[in-house]
Amino acid sequence: MVDEQWIYIIFMDTFNASQNENNTPMDGKRSHNDIVKSDNESICSTDIASTSTDQSNSSNTALASTELSQNILPHKRLKRTFKAKPKSDRPLNRERIEQITQRICEIITSGLLPFSFVENEGLKNLINLFEPNYKIPCRKTITTRIETLYELKLNKTKKNLESIISIALTTDGWSSLAIDSYITYTGHYFDKDWTLCNVTLSIDEITESHTADKLKDDITELMDRWDISNKVTGITHDNASNITRAVRNLEEQLQIYSNRCAAHTIQLAIKKGFDDNVCSSLLKKASSIVSGIRP
């Protein structure tokens, strides 16, 4: 339809042009009035032709859009025939149940949460929202699962330590809110892809006196337990006299480098500087100046 209208417009323009040429006198001479008249007529015909062309272009565009919408766009939207099943009607297979239970155990271990977390009403409401047919295991079942998870992680860590060449240890003692003393040992090593890995090897409660010999025995037992006695290159520790003597004894026996913590050394130096009479008097004057300026 669009091509036929364009052909018709071109044909009419050609026909009008040929008519104007036929109306020219045979001798090829025209008077001044004829020239002015023919120029005016050509201008008018040009304006009319351009106007008709614009109108035809607009009508053609609208016509093409109408035809396109009629041929492509549907008159009615298709109705949705699929209906999702309610969550309570969806089957819950054994594999899905195992995955959810495993994720609950990982949440408890990574967040250091108590085993009673499985009895939390908020957790029950959350599980009921996503999987109404899933039943959260009891505390005893979760405890058994976490113990199994611990054994898997333990074997995986031992396997990773078997493939390394060397490892460095850091250790530090701390006290809980219940004033129970603990000591932590952490290992640091590079894997085959040169990625720095950190793993907590032990958190032991100290029930006996913190002597150098006792700490030395604990470190030796730790290295034997993980089979890394010939792989430990150094131990970083604080400046306490008992741990310093324990690591130095290991340095003489197993060639393990004793490295004092730089941050703890700086802290001790600053504290000792503040205890000096000159520094203490300056701190008192500075404190009084600040308190006088502060609103």
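Residues numbered from 1 in each chain as written. Predicted model: local features only at pLDDT ≥ 70, side-chain atom pairs only at ≥ 80, totals over all residues. Heavy atoms only, no water.

Undergrad: Even after reading the chapter, I still don't get the overall build of the protein, so can you show me in this structure?
TA: Secondary structure assignment for the protein yields nine helices and five strands. Within the span of the protein, comprising 295 residues, buried residues form 20% of the whole. Put simply, of all contacts in the protein between residues at least 6 apart along the chain, 52% involve residues at least 24 apart. When the accessible surface of the protein is split by element, carbon and sulfur atoms take 56% of a total near 22500 Å². (Helix = DSSP H or I, 4+ residues; strand = E, 2+ residues; numbered from the N terminus. Buried < 20%, exposed > 50% of the residue type's maximum accessible area, 1.4 Å probe, protein only. Contact = heavy atoms within 4.5 Å. Areas by Shrake-Rupley, 256 points an atom, 1.4 Å probe, with all protein chains shown as cover.)

Undergrad: Got a minute to help me understand the packing of aromatic side chains in this structure?
TA: Describing an aromatic ring pair means giving the distance of the ring centres and the angle of the ring planes. Across all of its chains, the model carries two aromatic pairs by this definition. With a centroid separation of 5.0 Å and an interplanar angle of 20 degrees, the aromatic rings of W174 and Y182 are classed as stacked. Given the relative accessible area of 39%, W174 is considered partly exposed. For Y182, a relative accessible area of 21% puts it in the partly exposed group. Here F190 and W194 contribute two aromatic rings whose centre-to-centre distance is 5.6 Å and whose plane-to-plane angle is 50 degrees, an arrangement assigned as tilted. Owing to a relative accessible area of 46%, F190 belongs among the partly exposed residues under this scheme. With relative accessibility at 69%, the residue W194 sits in the exposed group. (Phe/Tyr/Trp six-rings, centres within 6.5 Å; stacked < 30°, edge-to-face > 60°.)

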